[in-house]
Amino acid sequence: MSTSILSVSNLKKNFGGIPAIGDFSLELGAHEFCGVIGPNGAGKTTLMNLITGYAKPDSGTIVFEGRGIVGLRPYQCCRLGIARTFQIVRPFPDMTVLENVLTGALFSGDGAGTAKRERTDATARCVELLELVGLGDRLDVSAGILTLGEKKRLELARSLATQPKLLLLDEVLGGLSEQEIEQISIALRKVHQKGTAILMIEHVIRALVKLVDRLVVLNFGRNICDGKPADVLEHPDVIESYLGKSLPNLPMQGTGS
Ligand SMILES: Nc1ncnc2c1ncn2[C@@H]1O[C@H](COP(=O)(O)OP(=O)(O)OP(=O)(O)O)[C@@H](O)[C@H]1O
Ligand SMILES: [Mg+2]
């Protein structure tokens, strides 16, 4: 594996005495594109909340680029280079699409200065990101009136505006049309090719496996399988706990389909 960007060890998180994450460990390389799958309630969003400072583990360590980050606030994790999207989208509804994305750019420090030049540069970069996710013609529209698919793409652009080294995606493809899934998939491939590590929680398996080179499976807060997508999807424990049946002939990442 390439140099590690994220190292999660023996992570535990209980809610009311019930484990949501139980002794979970994961090593992610700096150039990996890794999918996270598992049944509803398996602990996927909780894991993401722990990595991004939205929740604090009961025990265990999380190391990002060699630095322990347990106890940091979400904005501190973001400034270190960890961005995320939310399963339930959260745009600022009264701001325009472009302003929403600018919040990401300005918050992360890019353009935060008062110099006009910096703000102009940040705006140009945000417009580029909105074009990347297919919202280039919606810049001046209020975010509140966007469709769900558009809001999800806006959320992705806003997270990218923080210029993350590690991007965490929580069901960014859920509820989208085939065309929107394809649009986001193209954007994510480009983001990954430019050097961002991606951890992608997703239930839309057929789209996920066209993107990722590794799959991790969570069940009851534990990592029950981790490896090449083709092997993981054929693993009996994964079929029993999540898939229900084997999914033959799925086009995978790297197969050119
Ligand atoms: N803030 C919370 N308070 C109490 N219980 C919680 C909280 N957050 C999550 N849980 C519980 O932790 C478990 C894991 O939930 P989580 O949302 O992480 O699952 P998930 O894998 O993301 O599921 P889904 O695929 O449905 O999004 C569930 O049993 C859930 O009810
Ligand atoms: Mg979830």
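Further up the page is the structure itself.
Since this is a predicted model, take the numbers as computed values, not measurements.

Reading the values: the criteria
- Per-chain numbering applies: the sequence of each chain, read as written, is numbered from 1 onward.
- Labels are handed out in written order, letters beginning with A for the chains and numbers beginning with 1 for the ligands.
- A pLDDT threshold of at least 70 governs which residues receive local features in this predicted model, and a stricter bar of 80 or more applies before side-chain atom pairs are shown or counted, although totals over entire chains, interfaces and linings include all residues.
- Side-chain figures throughout are based on the complete set of non-hydrogen atoms in the structure, without hydrogens or water.
- Two strands are said to pair when DSSP picks up at least two bridges between them.
- Strands here are runs of E lasting at least two residues and helices are runs of H or I lasting at least four, both read from the DSSP assignment and numbered beginning at the N terminus.
- Each metal's donors comprise the N, O and S atoms found within 2.8 Å of it (within 3.2 Å for Na, K or Ca). Water is not part of the atom list, so some coordination spheres may appear incomplete.
- Type-normalised accessible area, obtained with a 1.4 Å probe on protein chains alone, sets the label of each residue: buried when under 20%, exposed when over 50%, and partly exposed for intermediate values.
- As a rule, the C-alpha atoms of each element are fitted with a line to give its axis, helices using only the stretch in contact, and angles between N-to-C directions run from 0 to 180 degrees.
- Handedness of a helix crossing follows the sense of rotation of the near helix relative to the far helix, less than a right angle counterclockwise being left-handed and clockwise being right-handed.
- Contacts: residue pairs with any heavy atoms within 4.5 Å of one another.
- In this classification, the charged set is Asp, Glu, Lys and Arg, the nonpolar set is Ala, Val, Leu, Ile, Met, Phe, Trp, Tyr, Cys and Pro, and all remaining amino acids, among them Gly, are polar.
- Pairing of aromatic side chains here covers Phe, Tyr and the six-membered ring of Trp, requires ring centres within 6.5 Å, and sorts the geometry by plane angle: under 30 degrees stacked, over 60 edge-to-face, intermediate tilted.
- As a reminder, the over-ring test applies to NZ of lysine and CZ of arginine, requiring each to be within 6 Å of the ring centre and within 35 degrees of the ring normal.
- Every helix has an expected span of 1.5 Å times one less than the residues it contains.
- Think of it this way: one heavy atom of a residue within 4 Å of a molecule or strand is enough to make that residue near it.
- Distance and chemistry together define a polar contact, namely a pair of N or O atoms within 3.5 Å, with one atom able to donate a hydrogen and the other to accept it when in protein, and with adjacent residues in sequence counting only for side-chain atoms on both sides.
- Note that accessible areas follow from Shrake-Rupley with a 1.4 Å probe, and for residues the cover is restricted to the protein chains shown.

(A) Quick peek at the pairing of strand β2 (residues 18-29). In terms of strand pairing, strand β1 (residues 4-15) meets β2 through 8 bridges, oriented antiparallel. Bridge assignment links N14 to a residue of β2, and that residue is P19. Where β1 hands over to β2, the hairpin turn is made up of 2 residues, of which G16 adopts a positive phi near 55°.

(B) Structural context of the coordination of the magnesium ion (ligand 2). The magnesium ion (ligand 2) binds to the protein through T45 (OG1) and Q87 (OE1); the donor distances cover 2.0 to 2.2 Å. In this pair, T45 is assigned in helix α1 (residues 44-51) and Q87 in the loop between β6 (82-84) and α3 (97-107), connecting sequence segments 42 residues apart. Judged by relative accessible area, which is 25%, T45 ranks as partly exposed.

(C) Geometry of α1. Burial of α1 is extensive: 6 of the 8 residues sit out of reach of the surface. Buried residues of α1: K44, T46, L47, M48, L50 and I51, and no others. Taken from the residues just after α1, G53 is the one with a positive phi, measuring 85°.

(D) Molecular detail of the environment of V101. Residue placement: V101 occurs in helix α3. Judged by relative accessible area, V101 falls into the buried class, the value being 0%. For the pair V101 and S4, spaced 97 residues apart in sequence, the C-alpha separation works out to 29 Å.

(E) Focus on the packing of α3 against helix α5 (residues 148-160). Two elements in contact, α3 and α5, have axes whose closest approach is 7 Å; the angle formed by their N-to-C orientations is 35°. The handedness of the crossing between α3 and α5 is right-handed. Together, V97, N100, V101, T103 and G104 of α3 and L154, A157 and R158 of α5 make up the contact between the two elements. Partitioned by chemical class, the residues of the contact of α3 with α5 number 4 nonpolar, 3 polar and 1 charged.

(F) Examining the packing of aromatic side chains more closely. Evaluation of the coordinates by the stated rule reveals 1 aromatic pair. Aromatic pair Y54 and F86: ring centres 5.4 Å apart, planes at 85°, arrangement edge-to-face. Linking Y54 in the loop between α1 and β4 (59-64) with F86 in the loop between β6 and α3, this pair joins segments that are 32 residues apart in sequence. With relative accessibility at 14%, the residue F86 sits in the buried group. The ring centre of Y54 lies 4.9 Å from the NZ or CZ of R84, which sits over that ring.

(G) Local environment of helix α6 (residues 178-193). With 16 residues, α6 should reach 22 Å at 1.5 Å per residue; the first-to-last C-alpha distance of 22 Å fits that figure. A positive backbone phi angle near 115° is found at G195, which sits one or two residues after α6.

(H) Representation of the environment of M48. Among the secondary structure elements, M48 is positioned in helix α1. We classify M48 as buried; its relative accessible area is 3%. Along the sequence, M48 and L168 sit 120 residues apart, while their C-alpha atoms lie 7.1 Å from each other. Apart from residues lying up to four places away in sequence, M48 is in contact with R84, T85, L168, L169, D170, L199 and I201.

(I) Main features of the sheet that holds β1. Spatially, the 4 strands line up as an open sheet ordered β2-β1-β4-β5, and their pairing is antiparallel. In this open sheet, the two edge strands, each paired with only one partner strand, are β2 and β5 (67-68). Strand direction decides the pairing type here: β4 and β5, joined by 2 bridges, are antiparallel. Across the sheet, residue V63 finds its bridge partner in β5, namely G68. Docked against the sheet, α1 engages β1, β2 and β4, running at close to 120° with respect to β1.

(J) Spotlight on the site of ligand 1. Around ligand 1 there are 13 residues in total, and G41, K44, T45, T46 and Q87 lie nearest to it. Contact between ligand 1 and G41: an oxygen atom at 2.8 Å from a main-chain N or O atom of the residue. Residue K44 places a side-chain N or O atom 2.7 Å away from an oxygen atom belonging to ligand 1. For ligand 1, whose unbound accessible area comes to 630 Å², protein coverage reaches 58%. Looking at the shell around ligand 1, the element that brings in the most residues is α1, giving 3 residues. The residue makeup of the shell around ligand 1, split by class, is 4 nonpolar, 7 polar and 2 charged.

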